[in-house]
Each structure stands twice: as structure tokens, then as C-alpha cells.
Amino acid sequence: MRKRFSIVLLFLVVGTAGAHAAESCPPAGHYMNGLALDKTGLHDRAIEEYSLAIAADPGDAAAYYRRGLDYGRKGHFDRETEDYSKATALAPDVERSARGTERWNDGEIEAFTRAIADNPGDAWAYYSRGIALRLKGRAAEAAEDFGKALALDAGHISAIYHLGAALRTLGRLGEALAAYDRALSLDPALPWAAYNRGLILSRQGRYAAAIEDFTRTLELDPNYATPAEQSPNYAWAYYDRGFAHLKQKQYKPAIADFTKVAAIASGFPPIYYWRAMAYSAIGKKAKAREDMRRAAGLGSAGAKRWLADPTAAAPSR
């Protein structure tokens, strides 16, 4: 049974899914290109287009959401979860506006539901249906299924990961934190668990603890920050640690981390914005202005406002 569900799950994660774009989608060219590519199943190329849309407008919640969907289809669940979190932080109702009138084929969910009816004690059946539900954007139902899988198999590491990711999407941060704690108690050498726990701690304002987790992530897997596909937005372990250092007023370590990010993903505007803030805090005004100009040139609205008025309040990340 496990083998059968693993094969079906692999097909589900990397397969294509047809979608009809909502009439309310923003008209930005890269975003619309991404929608068109999604219709034909070219999800890698769609990710590139959504990344370009985000580079042009870091406040484009719909682009984050759609890119998250595609990362989920490709099995890159860390990135999927992070994009969903950014999207919902920018626009709590983003799922409705970004999905619009899409209709998904729910055949996979129905198949897993039948399998559960045939064998209610099969943790992998619940886990697999949970994955299908997550890819459909039904995070609450997915979390319930991952919980059922864990009730049947307490050591199901993948179910723990996806439970935490679904709970993060729902904003249930305390429960998500407990899931990542559980994963690390089973295997202290899981970089994804340390990283995701660090994200939650940072969101809760517990920056010192978050720095420890991001550092642990990089110690466990030095390549965690440099995925094979060099998306403009991904050097997260260094980026998030740099932001946590900045919030702790540890400006030199923050600058060092943002500089590492710039070497990995030079087209991501927030790198230069936040490094500029760190430079400004230690009195290096020329470097701060240079970074702000670079961020503004990459489309950062916050950097443009700062250049017009350096005393303006910093935006949230």
C-alpha cells in the first residue's frame, strides 16, 4: 500500500493541473505570463515569471501565492509555505482573489478518500490525501489529515513537516512551532525543521532564538541557502538570519549575512534595502544610499520612499 501511494504522490507533486485564470487577476505582464504557462503545465517557467513579477512589485500578494502553488506542485514545500506566508501577510484574502474561478480536478482526493475507506488504519493514505489537499489550497483539511496520519504513525517525519507547513499557512504559529519541535526531537539533524522553526520564532519576535535556528540550519546543510535553481528570492537562511540580526541591532552580522545573500541572489531588492538600513544604523551613510539606490533600481518602493525622505518609517519585511 505504501509503495502505491508513494507512486501516486510523486505523480501528484510533479504532475500538471489545468487552471482557468480569474478575471480579477492583475494585468502585470509577468504575472499574466505565469498564468498562461500554468495553463499548459510549464510550472518551472511560470515560477520564473512570478519571480519577475515579485521583483518588479514586492507587494504583489497574488504573485507570491501563485508561485507558492507552483513550488508545491514541484515538491519544494519550504518555498511553497514561505510564499503562502508572504502572500497572506500582504493580503489576508489573497486565496480568493488569486484563485478566482479556478476549478481543480479533485480526482486524486477522491481516490485517497476511497483508499482510506478501504483501510482506515493506513497512515500513508491520510498523508497522501493531505498532500493533495495542500496543493489544492485546502490547508485546514490538510492539517487534519496529517494529524490523523501521525495518530497512526507517530514517527512519520514527512507528515510532521507538512502538518507544520499547513499550520503556518493557517496562521496557527504555536501549533506549527510544536510540530517542528516534534520533528527535531525525533531527528535533531533536520535542516528544514530548524529553518522553519526559526521563521516562526522570528515572526513571534523571538529573534535571538531564531538566529540560533538559522545558524543551526546552515551548520546542518551549508547548501540550504543555495538551491539548484537560482530563483531571485532564495537565499533564505542567510536572509532571514540577517533580518533577525538587524532586529537585534546586531548590525555588522546583519550586513555580513545580507552580503552573502547578495552574492547568491543579486536581483532581490530587499537585500539591499535592509543592508542599507544596517549601514545607516552604524553611520555609513554613503553605503546606505548606494544600497538604497540599488534597491530602488530593482523596483523597491520602500527604497524610493527612503531616497526621497530618509526619515520615513521602514516597511515590514
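Quick notes on the rules
- Residues numbered from 1 in each chain as written.
- Predicted model: local features only at pLDDT ≥ 70, side-chain atom pairs only at ≥ 80, totals over all residues.
- Heavy atoms only, no water.
- Buried < 20%, exposed > 50% of the residue type's maximum accessible area, 1.4 Å probe, protein only.
- Helix = DSSP H or I, 4+ residues; strand = E, 2+ residues; numbered from the N terminus.
- Arc of directions from axis to C-beta.
- Contact = heavy atoms within 4.5 Å.
- Core = buried A, V, L, I, M, F, W, Y, C linked by side-chain atoms within 4.5 Å.
- Salt bridge = Lys/Arg side-chain N within 4 Å of Asp/Glu carboxyl O.
- pLDDT = per-residue confidence, 0-100.
- Phe/Tyr/Trp six-rings, centres within 6.5 Å; stacked < 30°, edge-to-face > 60°.
- Expected span 1.5 Å × (residues − 1).
- Axes fitted to C-alpha atoms, helices over the stretch in contact; angles between N-to-C directions.
- Parallel < 35°, antiparallel > 145°, perpendicular 65-115°, else oblique.
- Left-handed = near helix turned anticlockwise from the far one by under 90°.
- Nonpolar A, V, L, I, M, F, W, Y, C, P; charged D, E, K, R; others polar.

Undergrad: Pulling in residues and values, what's your account of helix H18 (residues 301-308)?
TA: Those residues of H18 not exposed but buried are Gly 302, Ala 303 and Trp 306. Along the axis of H18, the buried positions cluster into a sector of 95 degrees, meaning they face one direction only. In the core, the buried residues of H18 are packed alongside helix H16 (269-281) and helix H17 (285-297).

Undergrad: Which residues make up the nonpolar core, and what are the values?
TA: Within the largest apolar cluster, 68 residues are counted, with the highest numbers of intra-cluster contacts made by Tyr 127, Tyr 180, Trp 192, Tyr 239, Phe 258, Ile 271 and Trp 274. Considering every element that reaches this core, the biggest residue donor is helix H8 (residues 123-135), with nine residues. Core analysis: the next-biggest nonpolar cluster, separate from the first, contains 17 residues, Tyr 31, Leu 37, Tyr 50 and Ala 63 among them.

Undergrad: Any details on the pattern of salt bridges? Residues and values, ideally.
TA: Between side chains of opposite charge, a pair can form when the charged atoms approach closely. Throughout the structure, instances matching the rule amount to 10 salt bridges. Residue Asp 145 is joined to Arg 129 by a salt bridge in which the shortest nitrogen-to-oxygen separation is 2.6 Å. Of the two residues, Asp 145 is situated in helix H9 (residues 139-152) and Arg 129 in helix H8; the sequence distance between them amounts to 16 residues. With relative accessibility at 14%, the residue Arg 129 sits in the buried group. Glu 144 is paired through a salt bridge with Lys 148; the nearest N and O atoms lie 3.5 Å apart. Highlighted residues: Glu 144 and Lys 148, both in helix H9, separated by four residues, approximately one helical turn. For Lys 148, a relative accessible area of 32% puts it in the partly exposed group. Counted as one network, the salt bridges with shared partners bring together Asp 181, Arg 197 and Asp 213.

Undergrad: Give me the lowdown on the confidence of the model for the protein chain, citing residues and values where you can.
TA: When pLDDT is averaged along the protein chain, the result is 80, and 79% of the positions lie at 70 or above. Predicted confidence is poor over residues 100-104, with pLDDT under 50, and the contacts of this stretch with residues over four places away or in other chains come to 15 contacts. Below pLDDT 50 for its whole length, residues 227-234 participates in 22 contacts with residues either more than four positions away or in separate chains.

Undergrad: Mind laying out the side chain of Asp 70, listing which residues take part and the relevant values?
TA: As for its position among the elements, Asp 70 is in helix H4 (residues 61-74). Assessed through its relative accessible area of 0%, Asp 70 is described here as buried. Setting aside residues up to four positions removed in sequence, Asp 70 forms contacts with Asp 38, His 43, Ala 46, Ile 47 and Tyr 50.

Undergrad: Explain the packing of aromatic side chains to me, and be specific about the residues and the numbers.
TA: By the definition in use, this model includes nine aromatic pairs. Taking the centre distance of 4.8 Å and the plane angle of 85 degrees together, the rings of Tyr 161 and Trp 192 count as edge-to-face. With Tyr 161 in helix H10 (residues 157-169) and Trp 192 in helix H12 (residues 191-203), this residue pair connects regions lying 31 residues apart in the sequence. Assessed through its relative accessible area of 17%, Trp 192 is described here as buried. Connected via pairs of aromatic rings, a cluster forms that spans Trp 124, Tyr 127 and Phe 146.

Undergrad: Tell me about H16, residues and numbers included.
TA: The end-to-end C-alpha separation of H16 is 19 Å, in line with the 18 Å expected for 13 residues at 1.5 Å each. Counting buried positions along H16 yields 11 of 13 residues, so the element is predominantly enclosed. Pro 269, Pro 270, Ile 271, Tyr 272, Tyr 273, Trp 274, Arg 275, Ala 276, Ala 278, Tyr 279 and Ser 280 are the residues of H16 that are buried. On its buried face, H16 is in contact with helix H3 (43-56), helix H14 (236-247), helix H15 (251-264), H17 and H18. The positive-phi residue at the C-terminal boundary of H16 is Gly 283, with phi of around 85 degrees.

Undergrad: If you had to explain the packing of H14 against H16 to someone new, which residues and values would you point to?
TA: Think of two packed helices as two axes; the pair is described by the angle between the axes and how far apart they sit. Taken N-terminus to C-terminus, the directions of H14 and H16 make an angle of 25 degrees; their axes are 11 Å apart at the nearest point. What the angle tells us is that H14 and H16 run roughly parallel. Considering how the two elements wind past one another, H14 and H16 form a crossing that is left-handed. Packed against H14, whose contacting residues are Tyr 239, Phe 243 and Leu 246, the element H16 presents Pro 270, Ile 271, Trp 274 and Ala 278 at the interface. By residue class, the composition of the contact of H14 with H16 is seven nonpolar, no polar and no charged.

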